[in-house]
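Coordinate inspection notes
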Amino acid sequence: MSNKDTLIAEYRKRKTEIKERLREFREVWSGTDERIFAELCFCICTPQSKAVHCDKAISGLVLSRELYCADECGIRKGLKAVRFPNNKSRYIVDTRRKFMSPEGMKIKERLSGPDIFSVREGLVRSVKGIGYKEASHFLRNIGLGEDLAILDVHILKNMVRLRLIKEKPGTITRKKYLELEDKLRQFSKKIGIPMGELDLLFWAMETG
């Protein structure tokens, strides 16, 4: 069985579970602006850190309400087991200033644009600590980015295995990210597995 055939077989086994997970992501968008902001903070924390540690840290800051009012020192204390807490606490406070208004957190209305790609560009330009991978991750996690690729190590590894690319690139520039994303999008169309579902399938196959 080829790698492509194995992928399709795995998709058939996991299809219901994957679609349910994406449905859960779409439901996040109907939540509060504070919930959306917390998801963005989670994605700010993820570079070079385990997702489970980031989730625990942000959940704790949400529970204590410090995520919405604490200074850098207070945020940093909450980022236990998250790498580079000094930088990431600074990024979170800076991002909070961008989206906070006298009436409270206003992030949903700022996530608008002619298409999801321009929304991602806006995030990358305006939010410190967020690159294309993290912006794509955030938008997928709030149900808006199912046509975007989250080019993490799991996805790139599978792209090599499927011979979509020769090797995992060392550095990914904006141009390279969009090029790799387009390769994955074309492959997605070819095998009939939507991009958002393909991303979760790769992740599930790698992590269990």
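Please refer to the structure placed before this passage.
One structure accompanies this document, and this report is about it. (Residues numbered from 1 in each chain as written. Predicted model: local features only at pLDDT ≥ 70, side-chain atom pairs only at ≥ 80, totals over all residues. Heavy atoms only, no water.)

From N to C terminus, the protein chain includes ten helices and two strands. When the helices and strands of the protein chain are read in sequence order from the N terminus, they spell out α-α-α-α-α-β-β-α-α-α-α-α. Over its C-alpha atoms the protein chain spans a radius of gyration of 18 Å, differing by no more than 12% from the 17 Å that the globule rule assigns to 208 residues. Structurally, the protein chain occupies a C-alpha span of about 55 × 30 × 30 Å along its principal axes. By residue count, 45% of the 208 residues in the protein chain fall in the buried class. Expressed as a percentage of contacts within the protein chain between residues at least 6 apart in sequence, the contacts between residues at least 24 apart total 62%. With an accessible surface of roughly 11,200 Å², the protein chain has 50% of that area assigned to carbon and sulfur atoms. One way to put it: in the protein chain the 42 positive side-chain charges average out to a point 4 Å from where the 29 negative ones average out. (Helix = DSSP H or I, 4+ residues; strand = E, 2+ residues; numbered from the N terminus. Rg over C-alpha atoms; globule rule 2.2 N^0.38 Å. Buried < 20%, exposed > 50% of the residue type's maximum accessible area, 1.4 Å probe, protein only. Contact = heavy atoms within 4.5 Å. Areas by Shrake-Rupley, 256 points an atom, 1.4 Å probe, with all protein chains shown as cover. Lys, Arg positive; Asp, Glu negative; His and termini not counted. Charge placed at Lys NZ, Arg CZ, Asp CG, Glu CD.)

For helix 7 (residues 132–141), the buried fraction is high: nine of the ten residues fall into the buried class. Among the residues of helix 7, Tyr132, Glu134, Ala135, Ser136, His137, Phe138, Leu139, Arg140 and Asn141 are the ones counted as buried. For helix 7, the elements touching its buried residues are helix 1 (3–28), helix 2 (33–45), helix 6 (116–126), helix 9 (174–191) and helix 10 (195–207). The first or second residue beyond helix 7 is Gly143, which carries a positive phi of 80 degrees.

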